[in-house]
Amino acid sequence: MRLSDGDRDGLMFVPKSYKPGVPTPLLVMLHGLGGSAEGARFVFPIAEELGVVVIAPESRGITWGQEAPGFDSDVRYIGEAFREVTQYLTIDPARVGLGGVSDGATYAFAMGLAYGDRFNHLLIFASSMMAPLRKQGKPHIFIAHGTNDTQMPIDRTARRVVPQLEEEGYDVIYHEHEGGHGAPRPLVREAMEWLVRTPVDR
């Protein structure tokens, strides 16, 4: 991305099918604890196939949200990356996704609810729960969680938060899988296909 003076920055992926002037879906994908933008490369082949631009930013510290939620340096960096990409590429405002795995998913979940007027699709894999600064907009939400997740046990996380979201009127797609802590590739593909095929009215 070349937006940071330090060692931590980010990556951007543009599919070969991209054409200037043609609105293209965008996914901002956040890595897990202690990770880097390299950890988001697994979505690039799917993005190439589906025609999705991907921003893979890096947290300012070892993980996301270490300062005041909503005002921290991570939000500022993601916002700058978002503005940079949308300034030069034609992004479809009806298909803007924010997602992540593990700590990245937890932060994407809280930030996505707080900025749901901008990120209208949330792709959440193996998330814990972080209270959002606010709730703004009504993003569509895709959640996948493993029944054998020992790091973020499902009974304490997804099985609690999904009913709450549905009670609050959010459109939630929820998948439980038999795996552990992580993001199974078939479900990642399903989530990205969902992002592409379900534009949100603006």
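Above: the structure in question.
Which residues make up the sheet that holds strand S3 (residues 53-57), and what values go with them?
Taken in spatial order, the 7 strands make up an open sheet running S1-S3-S2-S4-S5-S6-S7, and their pairing is mixed. The two strands at the open ends of the sheet, each matched to only one other strand, are strand S1 (10-13) and strand S7 (172-177). For this sheet, the mean angle separating the axes of adjacent strands, direction not counted, is 15°. Judged from the 6 bridges that link them, strand S6 (residues 140-146) and S7 form a sheet pairing that is parallel. Counterpart to phenylalanine 142 in the pairing with S7 is isoleucine 173. On top of the sheet, helix H2 (residues 73-88) reaches S1, strand S2 (24-30), S3 and strand S4 (91-101); it is set at about 150° to S3, its chief contact. Packed onto the sheet, helix H4 (residues 158-167) meets S6 and S7 and runs at close to 165° relative to S7.

Outline the environment of valine 14, supporting the account with residue identities and numerical values.
Along the chain, valine 14 turns up in the loop between S1 and S2. Residue classification places valine 14 among the partly exposed positions, given a relative accessible area of 31%. When the C-alpha positions of valine 14 and valine 52 are compared, they lie 7.2 Å apart, and in sequence the two are 38 residues distant.

Kindly report on helix H5 (residues 185-197), identifying the contributing residues and their values.
The terminal C-alpha atoms of H5 lie 18 Å apart, and with 13 residues this matches the ideal 18 Å at 1.5 Å per residue to within 8%. Of the positions making up H5, those classed as buried are Leu187, Val188, Ala191, Met192, Trp194 and Leu195. Looking down the long axis of H5, one finds its buried residues gathered within 155° of arc, a one-sided arrangement. Relative to its buried face, H5 has exposed residues pointing more than 90 degrees away, namely Pro186 and Arg197.

Tell me about the pairing of S3, residues and numbers included.
Most of S3 sits inside the fold, with 5 of its 5 residues counted as buried. Every second residue of S3 is oriented toward a common face, with Val53, Ile55 and Pro57 on one face and Val54 and Ala56 on the other, all of them buried. Pairing of S2 with S3, which is carried by 3 bridges, proceeds in the parallel orientation. The partner of valine 28 across the bridge, within S3, is isoleucine 55. Where the polypeptide runs from S2 across helix H1 (residues 44-50) and back to S3, its parallel neighbour, the crossover connection is right-handed.

Cut-offs and rules
Residues numbered from 1 in each chain as written. Predicted model: local features only at pLDDT ≥ 70, side-chain atom pairs only at ≥ 80, totals over all residues. Heavy atoms only, no water. Pairing = 2+ DSSP bridges. Helix = DSSP H or I, 4+ residues; strand = E, 2+ residues; numbered from the N terminus. Axes fitted to C-alpha atoms, helices over the stretch in contact; angles between N-to-C directions. Contact = heavy atoms within 4.5 Å. Buried < 20%, exposed > 50% of the residue type's maximum accessible area, 1.4 Å probe, protein only. Expected span 1.5 Å × (residues − 1). Arc of directions from axis to C-beta. Right-handed = clockwise from strand over helix to strand, strands pointing away.

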